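The chain contents come next:
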Amino acid sequence: MTDDTAEPGDGSTPLKTAAGVAVGILVVLSLLALVWWSGWHIPFVLGWLSVKAGVKLGALTVAGLVAFAAWRSKRGGTS
């Protein structure tokens, strides 16, 4: 019998993906707020590109954490 609830081979889950996207959006919004507060009113297109880059950065962060966890578990040490 197979288990239909198993994670994909890369270790990603919808929750991890959503967390990465949320982190990326929060980072970008924080940077945009800082830029706006500093008086550097940026155009809409640059803001859109910043959000896009933030989402990609969040996804890469999650992928890096998953890779690190896999490396750590493969290494066999928990300390």
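Residue indices begin from 1 for each chain and proceed along its sequence in written order. Whole-chain, interface and lining totals are the exception, using all residues; otherwise, since this is a predicted model, local features are given only for residues with pLDDT of at least 70 and side-chain atom pairs are given and counted only at 80 or more. Excluded from the side-chain calculations are hydrogens and water; all other atoms, namely the structure's heavy atoms, are used.

This part covers the packing of aromatic side chains. Pairing of aromatic rings covers Phe, Tyr and Trp, the last counted by its six-membered ring, and requires centre-to-centre distances within 6.5 Å; plane angles under 30 degrees mean stacked, over 60 mean edge-to-face, and any other angle means tilted. Evaluated as defined, the whole model comprises one aromatic pair. Note on phenylalanine 68 and tryptophan 71: the rings are 5.7 Å apart at their centroids and 35° apart in plane angle, and the pair reads as tilted. One end of the pair, phenylalanine 68, and the other, tryptophan 71, are both in helix H2 (residues 44-75), three residues apart, so they sit about a helical turn from each other. A 1.4 Å probe rolled over the protein chains alone gives each residue an accessible area, and that area as a share of the maximum for its type sets the label: buried under 20%, exposed over 50%, partly exposed in between. For tryptophan 71, a relative accessible area of 47% corresponds to the partly exposed category. Per the convention used, a helix needs a DSSP run of H or I reaching at least four residues, while a strand needs a run of E reaching at least two, with both numbered from the N terminus.

Multiplying 1.5 Å by the residue count of a helix minus one yields the expected span of that helix. With 24 residues, helix H1 (residues 14-37) ought to run about 34 Å at 1.5 Å a step, and its terminal C-alpha atoms sit 34 Å apart, in line with that. Among the residues of H1, Gly20, Gly24 and Val28 are the ones counted as buried. Just downstream of H1 lies glycine 39, where phi reads positive at about 95°.

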